[in-house]
Structure formats: structure tokens, C-alpha cells
Amino acid sequence: QVQLVESGGGLVQPGGSLRLSCAASGRIFSINYMGWYRQAPGKERELVATITNGGTTNYADDVKGRFTILRDNTQNTVYLQMNSLKPEDTAVYYCAALIRRTASINYVQYWGQGTQVTVSS
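Residues numbered from 1 in each chain as written. Predicted model: local features only at pLDDT ≥ 70, side-chain atom pairs only at ≥ 80, totals over all residues. Heavy atoms only, no water.

### Some thoughts on the overall build of the protein
Here is step 1 of the chain: Looking only at helices and strands, the protein features zero helices and 11 strands.
Here is step 2 of the chain: When the helices and strands of the protein are read in sequence order from the N terminus, they spell out β-β-β-β-β-β-β-β-β-β-β.
Here is step 3 of the chain: Its C-alpha atoms give the protein a radius of gyration of 14 Å, within 12% of the compact-globule value 14 Å for 121 residues.
Here is step 4 of the chain: With the C-alpha coordinates of the protein rotated into their principal frame, the extents come out at 50 × 25 × 25 Å.
Here is step 5 of the chain: Taken over 121 residues, the protein has a buried fraction of 42%.
Here is step 6 of the chain: Partitioning the intrachain contacts of the protein with sequence separation of at least 6 by distance along the chain shows that 56% fall at a separation of at least 24.
Here is step 7 of the chain: For the protein, the exposed surface amounts to about 6300 Å²; the carbon and sulfur share of it is 45%.
Here is step 8 of the chain: Averaging the coordinates of the 11 positive side-chain charges in the protein and doing the same for the 8 negative ones gives two points 8 Å apart. (Helix = DSSP H or I, 4+ residues; strand = E, 2+ residues; numbered from the N terminus. Rg over C-alpha atoms; globule rule 2.2 N^0.38 Å. Buried < 20%, exposed > 50% of the residue type's maximum accessible area, 1.4 Å probe, protein only. Contact = heavy atoms within 4.5 Å. Areas by Shrake-Rupley, 256 points an atom, 1.4 Å probe, with all protein chains shown as cover. Lys, Arg positive; Asp, Glu negative; His and termini not counted. Charge placed at Lys NZ, Arg CZ, Asp CG, Glu CD.)

Written out as C-alpha cells, the structure is:
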């Protein structure tokens, strides 16, 4: 079984910073991309940022320049450094990863349980 465990959410004032972490564990042969998505109340889940195993990153337009995604391949961990946070960044943030459990199994997307980020004064 594969698990993605997130940490680092919380309450922060506008303009503040938070760092989210997500560690993948279990039977893992390889990980393709890892990323972060978010879902605000009443809205659909949306992409925040992704990073490939080669380090190529992709960001949603409204987080470019404020958020940075990082990855530690030796620890199967992905981070999201969030700076200059705005109230509209408030959402549940989900970690995602495309993981192959063995060499003979195709990649499958896994999701974390989500961590709440609230930006409010």
C-alpha cells in the first residue's frame, strides 16, 4: 500500500508564510510527478504546482512568484513553500503523486488526506 501524508497547514495572517510537506511511503518502485492541489469551499479542486522527478516545475498563474515547490527524491517528499499568502489562498491543500509500485505495474495517482490552510487576520 502507498500513503501520502501531509503536514504543515494552519492559520496564518495575510502576507505570512507556510511550508507544507508531503511524504510518500509504502511499496514504491518509482515516482513520476508530485504536486499540490487545493480546494476552497464551494469550488472545484485546482492545480497549485507540480514537479517532475527531473525537477521540472509547473505553477498555477495566481501562485507564480509566491509559491515554490521542492522535491527530495531520496526521501520521496515534496514541499510547498508559500509566501505572501492571501485570503484567497484559503483552502484544503492536497498532495498528489504518480507512483509505480513495481516495475510491472503502471503508474497510479495517489492523494493525501488534505491539510487546511487558512489565511485570515
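### As for the packing of aromatic side chains
Here is step 1 of the chain: For the structure shown, the criterion picks out one aromatic pair.
Here is step 2 of the chain: Relative to Trp111, the ring of Tyr37 has its centre 5.0 Å away and its plane inclined at 65°; by these criteria the two rings are edge-to-face. Of this pair, Tyr37 sits in strand 4 (residues 30-39) while Trp111 sits in strand 10 (residues 108-111), and the two are 74 residues apart along the sequence.
Here is step 3 of the chain: Assessed through its relative accessible area of 17%, Tyr37 is described here as buried.
Here is step 4 of the chain: A relative accessible area of 36% means that Trp111 is categorised as partly exposed.
Here is step 5 of the chain: Above the ring of Tyr79, the side-chain terminus of Arg19 is found at 4.6 Å from the ring centroid.
Here is step 6 of the chain: The ring of Tyr94 carries the charged tip of Arg45 above its face, separated from the ring centre by 3.7 Å. (Phe/Tyr/Trp six-rings, centres within 6.5 Å; stacked < 30°, edge-to-face > 60°. Lys NZ or Arg CZ within 6 Å of the ring centre and 35° of its normal.)

### Examining the side chain of Thr115
Here is step 1 of the chain: In this fold, Thr115 is placed in strand 11 (residues 115-119).
Here is step 2 of the chain: A polar atom in the side chain of Thr115 sits 3.4 Å from the backbone nitrogen of Gly9.
Here is step 3 of the chain: Those residues within four positions of Thr115 in sequence are excluded, and the remaining contacts are Glu6, Gly9, Leu20, Ala91, Val92 and Tyr93. (Polar contact = N/O pair within 3.5 Å; in protein donor to acceptor, adjacent residues only side chain to side chain.)

### Let's talk about unusual backbone geometry
Here is step 1 of the chain: Not every positive phi belongs to a glycine, and Asn76 is a case in point at roughly 50°.
Here is step 2 of the chain: Checked against the element boundaries, Asn76 lands in the loop between strand 7 (67-72) and strand 8 (77-82).
Here is step 3 of the chain: Residue classification places Asn76 among the partly exposed positions, given a relative accessible area of 23%.

### Examining the state of the cysteines
Here is step 1 of the chain: Under the criterion given, the structure shown has one disulfide.
Here is step 2 of the chain: Paired by a disulfide, Cys22 and Cys95 hold their sulfur atoms 2.0 Å apart. Where Cys22 bonds to Cys95 through sulfur, the torsion about that S-S bond is close to -75°, and the disulfide is left-handed. Pair noted here: Cys22 is in strand 3 (residues 18-26) and Cys95 is in strand 9 (residues 91-100), with a separation of 73 residues, a long-range link. (Disulfide = S-S within 2.5 Å.)

### Focus on the pattern of salt bridges
Here is step 1 of the chain: Overall, the coordinates contain five salt bridges when judged by the stated rule.
Here is step 2 of the chain: Here Arg38 ties to Glu46 by a salt bridge, and the two come within 2.8 Å at their closest N and O atoms.
Here is step 3 of the chain: Since its relative accessible area comes to 4%, Arg38 is described here as buried. (Salt bridge = Lys/Arg side-chain N within 4 Å of Asp/Glu carboxyl O.)

### Side note on the pairing of strand 11
Here is step 1 of the chain: Where burial is concerned, the two faces of strand 11 differ: the one with Thr115, Val117 and Val119 is buried and the one with Gln116 and Thr118 is not.
Here is step 2 of the chain: The pairing of strand 2 (residues 10-12) with strand 11 spans three bridges and is parallel. Looking at the pairing, Val12 lines up with Val119 of strand 11.
Here is step 3 of the chain: Alignment of strand 9 against strand 11, held across three bridges, turns out to be antiparallel. Note that in strand 11 the partner of Ala91 across the bridge is Val117. (Pairing = 2+ DSSP bridges.)

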